[in-house]
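Below are the chains, spelled out letter by letter.
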Amino acid sequence: MHEMALMGDILQLVERDAKARNIKQINKIELVVGELSNALPDALEMAFETFRARELAMLTRQSQLVIRKEEARAKCTVCGYEYHPEVRLSICPECGLPSGKLTAGETFKVKLYEGN
Ligand SMILES: [Zn+2]
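Predicted, not measured: the structure shown is a model, and the values here were computed from it.

As for the packing of aromatic side chains
A complete count under the given rule lists one aromatic pair for this structure. With a centroid separation of 6.0 Å and an interplanar angle of 15°, the aromatic rings of Tyr81 and Tyr83 are classed as stacked.

Topic: the pattern of salt bridges
What the rule picks out here adds up to eight salt bridges. Across the pair Lys28 and Glu114 runs a salt bridge, and its minimum N-O distance is 4.0 Å. On the criterion of sequence distance, the pair formed by Lys28 in strand S1 (residues 26-34) and Glu114 in strand S6 (residues 108-115) is long-range, its members being 86 residues apart. For Glu114, a relative accessible area of 40% translates into the label partly exposed. Where Arg88 meets Glu106, a salt bridge forms, and the shortest distance between an N and an O atom there is 2.4 Å. Taken together, the residues Arg88 in the loop between strand S4 (82-83) and strand S5 (100-104) and Glu106 in the loop between S5 and S6 connect sequence positions 18 residues apart. In this structure Arg88 comes out as partly exposed when scored by relative accessible area, which is 36%. The class for Glu106 is partly exposed, based on a relative accessible area of 42%.

Let's talk about the sheet that holds S1
On the basis of which strands lie adjacent, the open sheet formed by three strands has the order S2-S1-S6 and mixed pairing. Where the open sheet ends on each side, the last strands, each with one partner, are strand S2 (59-70) and S6. The sheet shows a mean angle of 20° between the axes of neighbouring strands, direction not considered. In the sheet, S1 pairs with S6 via seven bridges, with the strands oriented antiparallel. Paired with Lys28 across the bridge in S6 is Glu114. Seen against the sheet, helix H1 (residues 3-20) touches S1, S2 and S6 and runs at an angle of roughly 45° to S6. Contacts from helix H2 (residues 41-53) reach S1, S2 and S6 within the one sheet, and its direction differs from that of S2 by about 165°.

Analysis parameters
Residues numbered from 1 in each chain as written. Predicted model: local features only at pLDDT ≥ 70, side-chain atom pairs only at ≥ 80, totals over all residues. Heavy atoms only, no water. Phe/Tyr/Trp six-rings, centres within 6.5 Å; stacked < 30°, edge-to-face > 60°. Salt bridge = Lys/Arg side-chain N within 4 Å of Asp/Glu carboxyl O. Helix = DSSP H or I, 4+ residues; strand = E, 2+ residues; numbered from the N terminus. Buried < 20%, exposed > 50% of the residue type's maximum accessible area, 1.4 Å probe, protein only. Pairing = 2+ DSSP bridges. Axes fitted to C-alpha atoms, helices over the stretch in contact; angles between N-to-C directions. Contact = heavy atoms within 4.5 Å.

Structure follows, in structure tokens:
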């Protein structure tokens, strides 16, 4: 489950930033997770709970994780048709060419965090 490592990286980033701002505890972290980002929201939640239970990385037992899912979108570079792709490399449903280019859905980032 690589989400454990991903969550570890996120918490490390947040913790570093929080320290620089003199924040002592993290109350909430909001992530944007694209449908095709290779990170599973459920697994991320589980990883977060593991860190929270140990109160690592400035988390407390009340800390919250909010995951905003980003829907995948693709645009055909040949005919310009926009659609919802199932996979990264996709066939344009309009012209049938393998020219679908992702425009959304690969995001994996911290949108914001709150602490005090
Ligand atoms: Zn097309």
